[in-house]
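# Architecture and fold: a report
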Amino acid sequence: MPQPEDRSDAYLAAREAALGWLTVNWDPQLSVRAWWARLADSGWGFPTWPEDWFGRGLSADAAAGVRSAFLEAGALPPPASLGQQLGAPMLLLHGNAEQKARFLPPLARGEESWCQFFSEPGSGSDLASAQTRAVLSEAGWTVDGQKVWTSGAQWADRGMLLARTNRDVPKHQGLSFFVIDVGQPGIDVRPLHQMNGEHGFNEVFFTGAHIDDDRIIGEAGDGWSAAVTVLMYERFMASLPTAMPGRKAGQLDEPAGAAVQRAAQARSSGRTGVSELVIDVAARLGESGDPVLRQRLAALWATETINGYLARGGLSDRESRRPSAHGSLTKLARSELVRAGRDTGLSVLGAQGLLQDPAVPGGSEIRHRALSSPGASIAGGTDEIQRGIVGERVLGLPKEPRTDRDVPFRDLTIGTQRQAP
Amino acid sequence: MTTLGATAEQEELRDSVRRFLADRAPLTRVRELMETEDGTDKGVWEQAGSQLGLQGIAIPEEYGGAGFTFAEQAIVLEELGAALYGGPFLASAVLAATALLASSDEAARRDLLPAIASGETIATLAFTEDNGSWDPSTTRLFAAKTGDGWRLDGHKSFVLDGGSAGLILVLGVADGGLSLFAVGAGSAGLTRTVLPTLDQTRKLARLEFDGVTARLIGSVGDAAAIMDRVLDTAAIALAAEQLGGAQRAFDMAVEYSKVRHQFGRPIGSFQALKHRMADMLLEVESLRSAVNYAAAAVAEGAEEVPIIASLVKAYASETFFHVAAENIQIHGGIGFTWEHDAHLYFKRAKSSELFLGDATYHRERLASRIEL
């Protein structure tokens, strides 16, 4: 298929400038730590950050051009934990001068890895109903509660924590946002096992965990606005596979050249489109002549192909459609493709699909994708939440009446509680 | 590949076509015309040709057209589809014009295309027969060489605007293979019967040929290749129309759900409807991306056109009908009435789905074309 060259001037200019710098400065002999330090000083590691803070003040579009330059140059991409991707933009908007000066340098240099303590067992789609509490005393803040779906908590040096500091006001007004040190006795990180057998996430228990008073972002009770910033950036998160930042992962002292090779492998694996995979397995099993299956295979191929057109071109030049809405649409499209790939893939496998390891090349990949499929329509905002966003923000449909906005948090029923405590 | 975004000129074209249709061919007029045999307002057709140059937009200037590409024609088709325009644009400016352009017959192009480009001649392409197959290889109409010409015997059916066209391009089997012929509507031995249609804005006819004198277009046996190109181009053209119809029907549903109140709320505030409309937007936007991509591919003569044609026709068929049916459901009882316009889109969606082959047909073609 031809790839439409639909690149803006900003993209091309940034790509060329970054490529020029990388050609001169990329050195695979450097340690990861030294390379990232050099990158931080250049502003090319985080081109969307301001010039005063390790960046170049470029647009998201230009940053995509910079990413392509890293691939072209074969250089190790910048560190990319949630601290770099979400924490830094949040600090730049909501942090005070002291917090920026303290937290941004180690993030920019990849010396720290951060995670995000947002979701809770009782707060999935309704994040603002978080119950984990932080209580202020003379010694600082004390945190008790539970977070879940925290990816990277086992590697994280610090976490972004959304916690309730006031139960007597409506739920959005009683939240505060903190940066908390993960390696302390009051925090217990346990792997969370998913239905596909993997454990990419954790559940994290806070029992009298401590936060210094100067680690609150903004005022107590203003945490929701910083959380919204993080969520907004989460939708546009784009990064390349790279080495793991932070002290715990132990990759900072490796040669950058070895790290970039590992990253390139991570990029190439799992790259095959689902329709290519399923069509290939159907051919191996000699099923490509079945007229009913051909319909499903062609439909799967069509869905994946059209998703590609949508991702590249859809809505971009329509003034009423904002990029955030485009993100919701492509996410919904992706969920649908994942479901279709699961069902067609397992139908192709037939009886082989009953097995843990189907005896056909590609069979295990189909099984694994099938068992991972529900994640696509849940993680990062469920399909139902995305449809709400599309309906209300793009189509301008009236909002659902709400009953939880004007009552004190303590009077609400949260999660599967039988009644408010 | 050129950029997928529309240029300022293309947006201007879209606006002027939309304004023209809103002014001269609103749905109230569509309703009047759909009760007539030819479904066409002659004045509007002539103005579209002489003032806006729509019929000839994708015909090269040397043949009297405006010399734009299929990308611009697709924009016109999208607007025509949105307005449920019932005139013979698809038949004349797409099916017939593409057949002539795809043939090797320079003389026929020079003779016939200028009048098609100006709208003076309404042309169509008669290729389907009573068996209802969209596959040209099933053609039975027989062409025999006479002294200095050809005579056609047999029939054609499901011929788009076959009752009103002045020039009919006919697919026939000669000794030597599938061949294309031109026949004047007034030819002796030609009997035309207008067929009542499910979608009254789409006019179809059955044609009987009893020793009709015809002109060979191109050479004997070259029509299979011509038809390949015509059917791929027409599938994408129809998909562009379907996109226009789908967008318009969808907009109707969204607008109505904002003003219709039940249980003390606008019905669009209920998730049962809101989420369905979000899904419909995803379908319509996906179709838009696919049509834009396909139109650019035709404009550039890309090798992948046969693949994209079936891809986009299958998707457009399902999307337009789904949206048109949901539009009625969201309107409730009023949407089921004759007075409401929702049923016009429902019928057009169904007729467009079936014409040139439905989604199942095109998915099978797609499967073959991606060498499945």
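Small disclaimer: the values here were computed from a predicted structure and weren't measured.

Helices and strands together make up the secondary structure of chain B, namely eleven helices and nine strands. Compactness check: chain B gives a C-alpha radius of gyration of 21 Å against a globular reference of 21 Å for 372 residues, within 12% of the reference. Overall size of chain B, expressed as C-alpha extent along the three principal axes, is 80 × 45 × 40 Å. Within the span of chain B, comprising 372 residues, buried residues form 56% of the whole. Nonlocal contacts in chain B, meaning residues at least 24 apart in sequence, comprise 75% of its contacts between residues at least 6 apart.

As a further point, take the packing of helix α9 (residues 291-313) of chain A against helix α11 (residues 359-369) of chain B. Two numbers describe how α9(A) lies on α11(B): the axes approach to 9 Å, and their chain directions differ by 80°. Here α9(A) lies roughly perpendicular to α11(B), going by the angle between them. Where α9(A) approaches α11(B), its residues R294(A), Q295(A), L297(A), A298(A), A299(A) and A302(A) are matched on the opposing element by T360(B), R363(B), E364(B), L366(B) and A367(B). The class makeup of the residues in the contact of α9(A) with α11(B) is six nonpolar, two polar and three charged.

Moving on to the domain arrangement of chain A. Assigned domains of chain A: these are domain 1 (9-80 + 240-267), domain 2 (114-228) and domain 3 (271-380). Relative to domain 3 of chain A, the C-alpha centre of domain 2 of chain A lies at a distance of 35 Å.

Another point: helix α5 (residues 89-102) of chain B. Taking 1.5 Å per residue, 14 residues should reach 20 Å; α5(B) reaches 18 Å between its end C-alpha atoms and fits that length. Across the 14 residues of α5(B), 13 count as buried, placing the element largely inside the fold.

Below, the discussion takes up the interface of chain A and chain B. Opposite the 39 residues of chain A that make contact, chain B presents 39 residues. Broken down by secondary-structure element, the contributors of at least two residues to the side of chain A that touches chain B are α9, α10 (323-349) and α12 (383-394) of chain A. With 13 residues, the single largest contributor to the side of chain A that touches chain B is α9(A).

On to unusual backbone geometry, then. Residues and elements named next belong to chain B. Of note in this structure, F158 is not a glycine but carries a positive phi near 55°. Along the polypeptide, F158 turns up in strand β3 (residues 150-160). Look at F158 and you get buried, because 20 C-beta atoms sit within 10 Å.

Residues and elements named next belong to chain B. Per the domain assignment, the segments of chain B are domain 1 (8-118), domain 2 (123-223) and domain 3 (225-369). Its C-alpha centre places domain 1 at a distance of 22 Å from the equivalent point of domain 2. Elements with a minimum of two residues in the side of domain 1 that touches domain 2: α2 (27-34), α5 and α6 (106-118). It is α5 that contributes the most residues to the side of domain 1 that touches domain 2, seven residues altogether. In terms of residue class, the side of domain 1 that touches domain 2 is made up of 13 nonpolar, six polar and three charged.

The subject of this paragraph is α11(B). Because the α-helix completes a turn every 3.6 residues, residues three or four places apart line up on one side. Inspection of α11(B) places A359(B), H362(B), R363(B), R365(B), L366(B) and A367(B) among the buried residues, and these make up the whole buried set. At its buried positions, α11(B) is contacted by α9 of chain A together with α9 (305-331) of chain B. Following α11(B) by one or two positions, E371(B) has its phi on the positive side, about 60°.

Residues and elements named next belong to chain A. Mapped onto the fold, A256 is located in helix α7 (residues 256-268). The sequence separation of A256 and G415 amounts to 159 residues, and the corresponding C-alpha distance is 45 Å. Contact partners of A256, with chain neighbours within four places excluded, come to P28, L30, S31, V32, W35 and L76.

This brings us to the packing of α12(A) against helix α8 (residues 271-299) of chain B. At a minimum axis separation of 8 Å, α12(A) and α8(B) run at an interaxial angle of 85°. Taken as axis vectors, α12(A) and α8(B) run roughly perpendicular relative to one another. From α12(A), E384(A), R387(A), G388(A), V390(A), G391(A) and V394(A) reach across to α8(B), where they touch K274(B), H275(B), M277(B), A278(B), D279(B) and L281(B). Tallied by class, residues from the contact of α12(A) with α8(B) come to five nonpolar, three polar and four charged.

Further remarks concern the nonpolar core. Core analysis: the biggest nonpolar cluster contains 162 residues, and L169(B), F181(B), A294(B) and V312(B) have the highest contact counts within it. Counting residues per element, this core draws most heavily on helix α7 (residues 223-259) of chain B, at 20 residues. Discounting residues that sit within four places of it in the chain, F181(B) has contacts with A143(B), W150(B), L152(B), V170(B), G172(B), A214(B), R215(B), L216(B) and I217(B). In this structure, V143(A), L161(A), I216(A) and W224(A) belong to the second largest nonpolar core, which totals 68 residues.

So, how was this worked out
- Residues numbered from 1 in each chain as written.
- Chains lettered and ligands numbered in written order.
- Predicted model: local features only at pLDDT ≥ 70, side-chain atom pairs only at ≥ 80, totals over all residues.
- Helix = DSSP H or I, 4+ residues; strand = E, 2+ residues; numbered from the N terminus.
- Rg over C-alpha atoms; globule rule 2.2 N^0.38 Å.
- Buried ≥ 20, exposed ≤ 12 C-beta atoms within 10 Å, placed from the backbone.
- Contact = placed C-beta atoms within 7 Å.
- Axes fitted to C-alpha atoms, helices over the stretch in contact; angles between N-to-C directions.
- Parallel < 35°, antiparallel > 145°, perpendicular 65-115°, else oblique.
- Nonpolar A, V, L, I, M, F, W, Y, C, P; charged D, E, K, R; others polar.
- Domains from an automatic or database assignment.
- Expected span 1.5 Å × (residues − 1).
- Core = buried A, V, L, I, M, F, W, Y, C linked by C-beta atoms within 7 Å.

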